[in-house]
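# Fold and geometry: a report
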Amino acid sequence: MNIDALNNEQKEAVLCTEGPLLVLAGAGSGKTKVLTTRIAYLIKEKGVDPYNLLAITFTNKAAREMKERVAKLIDYKYENMQISTFHSFGLTILRKYYNIVGYKSNFTILDSDDSLTTVKKIIKELNLDPKNYNPKAIRNRISSAKNELMTPDLYSKYANTDFEEKVVEVYRGYQEKLVKNNSVDFDDLLMLPIQILKENPDILKLYQERFKYILVDEYQDTNRAQYILVKMISAKYKNICVVGDESQSIYSFRGADYKNILNFEKDYKNVKVILLEENYRSTKYILNVANDVINNNKNRKDKKLWTKRDEGNKVKCYTALNEKDEAHYVVSEIKKLLVNGVDRKDIAVLYRTNAQSRNVEEELLKENIPYKVVGSFFFYKRKEIKDLIAYLKLIYNTDDDNSLERVINVPKRAIGIKTVQKIQDEANIKNTSMFNAISKGKELDFKLMIEEIKEQAKNISLTELIDLILDKTGMLAELKSEDSLEADIRIENLNEFKSITANFEEMYGIISLESFLEEISLVADIEEHKNETNLITLMTVHSAKGLEFDNVFIIGLEEGIFPHVNSLSSYEEIEEERRLAYVAITRAKKNLELVNAKSRMLFGQENNNLPSRFINEINPDNLIQEKNVINKIEKANLIDESASYTLGEKVKHDVYGVGMVVAIKDKTIDVAFEHKYGIVTFMKGHKVIKKIGE
DNA sequence: CGGCAATGTGTTTTT
DNA sequence: CACATTGCCG
């Protein structure tokens, strides 16, 4: 551990261990370094037991990175140090004290789809018309209420309109249903622990005593519930260090309030405030651009980021004709970088909304450039995967009605809506879960099957359990009998899912169904469960927070896209969009490109959008316009069906250079390139592969 | 009950 | 446009 490597302010933030500390850390000012060094310092120099530390981050990724970096600093990995997200921390409390709030030990966590389904069900039971009472809107209201720690009773006191009164009713029914199903939603992971701590001072005392030192990252993005949780636990020792930057507050839609950071000095007495303004990440031009944009926000503490780094390259701007051209341009620029020896992992494409990844993905696929889409829940949203997970959840917690309804007729068992409705009614009468209410008919066979699998599950590994489910339920047999390409893909997906669990078991030994379900509830991103590393990264700006890349492309910089159309009418929201743009820009270390499209297909219609106001806010001296309009929208067939190869044959690729064919498969070939690219798989006859001498 | 066609409906951002 | 939901019929 080397404290001398820090600047004076960073050093102070590490050494000032006692009492409340507020670190206002600009983007790229070495905030993670401060946090990890501080933890290491507490353990190694101050002799603090890691068990007494609590560090809270915003994403699972950040938590994992922090754990790794701390382990490196102290040359040891403490298993019992609590470094986690708010939600997983909440879950650890709930796993201990579930009974206080009326749950059984095997409660499950609803994903957002399940929670919406439950809301819809309640709306139906209350005989409300979903056209007038939009289920999604109500779900969002319930979620906000929970993040404000409002129970249905409390919420009803503030309900003014008819709509709000109906929300109260649905909220009540929803909550009852959750308890009946022995399941909690995401927001409960914060709300229930707080309730437990509030109502049980002795338990609160245990936590206060345990967590003598608390660190909270991204404090500007805490909502009411998170704020209260930290406040309660830190109340005794008040050794609390919060780090944040109000200019990077981008989660107000989730109830985050950046005023939490501005009010910190009022909330705690004798607060020490440290400002980190030196940026170690970006070149001068990139920082200039970031400052040009954020200076247009009125609601912010005056803070100036500066850097000792070189001027670097001016920030490139490109105006594309449409979204296809935009993607084509970005990928052509990426190819240039790759040819110059840049690693794929050092390149990121950022956008405002998830849907924007698609065109870029298509272009990357055309060029056979490996990439990952962060935060794509695509894999877990697939029907066969959701079905399998529902079976796992049901086996773990048979009271989970959502999961039961999902799979009771998968594969087809001739149990239709009518039967399901009957079971539901029966369950309501008996005031129990649907599983318990089943007593006859084909559905009883289903129940017995689940109970049998549950019994057998006790003695086998998770991966074996999955095989057992696929076999016993007939899911696999049904897919196999279908004998279509689509069914083959589904089977392949199920195998991929199994490889994830196998991978888990390899890493952690025997893994319980409980921990596995917890993992996929809290980390629903498939990419975080895979091991591939050297990939181009595609993600939303929100997901990019806290990360950095040498080369960054920000696409879709248009009025209506970024800033998003739903934010245009309110000044507050425009400021949040601007902070978002600031976050995006400050991810870049060396090269930054800003791209917008003149026209774009949206809702199946062509839209002509003006360039984003954020581009106009930048001093043109910091920018360089890329003029070469690339408009070769290629229609030629990508695959030459007639191509044939021989082992050992040399081929050429624009980006990877000359390589050798090392394997010939049914539809693909493997080509070995120069060491740093390794072996790459291509479709046979793909136009990116050229035969030498042609 | 199950399958298909017609209709409708909506999109920010995430733990 | 893409997907979800509804409605109709065998």
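Above this text is the structure in question.
Now for a quick tour of the structure. (Residues numbered from 1 in each chain as written. Chains lettered and ligands numbered in written order. Predicted model: local features only at pLDDT ≥ 70, side-chain atom pairs only at ≥ 80, totals over all residues. Heavy atoms only, no water.)

## Some words on the sheet that holds strand E9 (residues 315–320)
Put simply, the test is: At least two DSSP bridges between two strands are needed for those strands to be called paired. Helix and strand assignments follow DSSP, with helices taken as H or I runs no shorter than four residues and strands as E runs no shorter than two, numbered in order from the N terminus. Fitting a line to C-alpha atoms yields each axis, with helices limited to the stretch in contact; the angle taken between N-to-C directions then spans 0 to 180 degrees. We call two residues in contact whenever any of their non-hydrogen atoms come within 4.5 Å of each other.
Judged by pairing direction, the sheet is parallel, and its seven strands sit side by side in the order E11-E12-E10-E13-E14-E9-E17 without closing on themselves. Taken across any chain shown, the strands that pair with only one partner, and hence form the sheet edges, are strand E11 (371–373) and strand E17 (623–626). Pairwise comparison of adjacent strand axes, ignoring direction, gives a mean angle of 20 degrees for this sheet. Pairing geometry for E9 and strand E14 (residues 588–597), over five bridges, is parallel. When the bridges of E14 are listed, cysteine 317 appears paired with leucine 594. Contacts from helix H14 (residues 284–294) reach E9, E14 and E17, with the element oriented near 50 degrees to E14. Contacting E9, strand E10 (347–351), strand E12 (536–540), strand E13 (549–554), E14 and E17, helix H15 (residues 323–339) runs over the sheet at an angle of about 155 degrees to E14.

## Let's talk about the sheet that holds strand E22 (residues 689–691)
In spatial order, the strands read E21-E20-E19-E18-E22; together these five strands make up an open sheet with antiparallel pairing. Pairing within the sheet leaves two strands with one partner each, and these edge strands are strand E21 (679–683) and E22. Looking at each pair of strands side by side, their axes are set apart by 45 degrees on average, direction ignored.

## Considering the pairing of E9
Examined bridge by bridge, E9 and E17 share four bridges and lie parallel to one another. Note that in E17 the partner of valine 315 across the bridge is leucine 623.

## Quick notes on empty space enclosed by the protein
Quick reminder of the rule: For cavity detection a 1 Å grid was placed over the protein atoms alone, and a set of points counts as a cavity when a 1.4 Å probe fits there but cannot get out; an open set counts as a pocket when protein lies on both sides within 12 Å along at least five of seven lines, with lining residues being those that have an atom within 4 Å of a point. Grid points are joined across faces, edges and corners, and a volume is the space filled by probe spheres set on the points. The classification used treats Ala, Val, Leu, Ile, Met, Phe, Trp, Tyr, Cys and Pro as nonpolar, Asp, Glu, Lys and Arg as charged, and all other residues, Gly among them, as polar.
In this structure the tally under the stated criterion is four cavities of 30 Å³ or more. Computed from the structure, the largest cavity encloses a volume of approximately 70 Å³. Lining the largest cavity, in full, are Val293, Ile554, Leu557, Phe562, Ala581, Ala584, Ile585, Leu594, Phe614, Ile615 and Ile618. Elements supplying a minimum of two residues to the lining of the largest cavity: helix H28 (571–585) and helix H29 (613–616). Residue contributions to the lining of the largest cavity peak at three residues, all from H28. Of the residues contributing to the lining of the largest cavity, the split by class is 11 nonpolar, no polar and no charged.

## Some points on the protein's contact with DNA strand C
Using the following cut-off: We call a residue near a given molecule or strand whenever any one of its heavy atoms falls within 4 Å of it. Nitrogen and oxygen atoms within 3.5 Å of one another constitute a polar contact, given that in protein one can donate a hydrogen and the other can accept it, and given that sequence-neighbouring residues count only through two side-chain atoms.
Neighbouring DNA strand C are the residues Lys120, Arg358 and Gly604. Residue lysine 120 places a side-chain N or O atom 3.0 Å away from a phosphate oxygen belonging to DNA strand C.

## Considerations on unusual backbone geometry
Basically, it comes down to this: Each residue's exposure class comes from its accessible area (1.4 Å probe, protein chains only) as a fraction of the maximum for that residue type: buried when under 20%, exposed when over 50%, partly exposed otherwise.
Here the residue pair valine 410 and proline 411 is connected by a cis peptide bond, since its omega of -10 degrees sits within 30 degrees of zero. Take proline 411: it is sitting in the loop between helix H19 (401–407) and helix H20 (417–430). A cis amide bond links phenylalanine 562 with the next residue in sequence, proline 563, at an omega value of 10 degrees. Following the sequence through the fold, proline 563 ends up in the loop between E13 and H28. Within the chain, leucine 149 stands out as a residue other than glycine whose phi angle is a positive 60 degrees. By the secondary structure assignment, leucine 149 is in the loop between helix H6 (135–147) and helix H7 (152–158). When its relative accessible area of 15% is taken as the criterion, leucine 149 is described as buried. The phi angle at asparagine 368 is positive, at roughly 60 degrees, despite the residue not being glycine.

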